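Structural overview for review
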Amino acid sequence: QVQLVESGGGLVQAGGSLRLSCVASGGTFIVYTMGWFRQAPGKEREFVATINWSGATTYHADAVKGRFTISRDNAKNTVYLQMNTLKPEDTAVYYCAASLGSSLSTSLDGYRYWGPGTQVTVSS
């Protein structure tokens, strides 16, 4: 059973930065495609970014492209989401997820394991 735990969320002013981390345990991290999703109050969970097993291939949602960067450190079983130039509309609970598939996925259904989430609040 894979367990994922996110950290690094918090309250930040618009224009600021945060780095989220997600540590995996209980599985073979290097084989997983990893993703970040977010869910704002009253909205559906949405895709943010994904990264393949080696870190060589990434894909970001249009809403965060150029501001957010996903990366991973397989030696530390950790995936990161660097968030710069934050906007109030980035306020949400951020979730990391692990997929056993080798292809990048933007769909919730493509991920088998989920963390409990970390709150990010951006004030204007």
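1. Details of the pairing of strand E5 (residues 46-51)
With respect to burial, E5 is a largely interior element, five of its six residues being buried. Across five bridges, the pairing between strand E4 (residues 33-39) and E5 is antiparallel. In the strand pairing of E5, Arg 38 is matched with Glu 46. Connecting the antiparallel pair E4 and E5 is a turn made up of six residues, with Gly 42 showing a positive phi of about 75 degrees. As defined by bridge partners, E5 adjoins strand E6 (residues 58-60) across three bridges and the pair is classed as antiparallel. Counterpart to Thr 50 in the pairing with E6 is Tyr 59.

2. Some details on the sheet that holds strand E1 (residues 3-7)
Strands sit in the order E1-E3-E8-E7 across an open sheet of four strands; the sheet is antiparallel. With partners counted over all chains shown, the strands left at the sheet margins are E1 and strand E7 (68-73), one partner each. Averaged over neighbouring strand pairs, the angle between their axes works out to 15 degrees when direction is ignored. Inspection of the sheet shows E7 paired to strand E8 (residues 78-83) by six bridges, in the antiparallel sense.

Parameters and conventions
- Counting restarts for each chain: residues are numbered from 1 in the order of the written sequence.
- The predicted nature of this model means local features are confined to residues of pLDDT at least 70 and side-chain atom pairs, given and counted, to a pLDDT of 80 or more, with totals for whole chains, interfaces and linings taken over all residues.
- Only heavy atoms go into the side-chain values, all of them from the structure, while hydrogens and water stay out.
- Relative accessibility decides the category of a residue: with a 1.4 Å probe and only protein chains considered, values under 20% of the type maximum give buried, values over 50% give exposed, and everything between is partly exposed.
- We count a stretch as a helix when DSSP gives it H or I for four or more residues in a row; a strand needs E for two or more, and each element gets its number in order from the N terminus.
- Strand pairing is assigned whenever DSSP identifies at least 2 bridges connecting the two strands.
- Simply put, an axis is a line fit to the C-alpha atoms, just over the touching stretch for a helix, and the angle between two N-to-C directions goes from 0 to 180 degrees.

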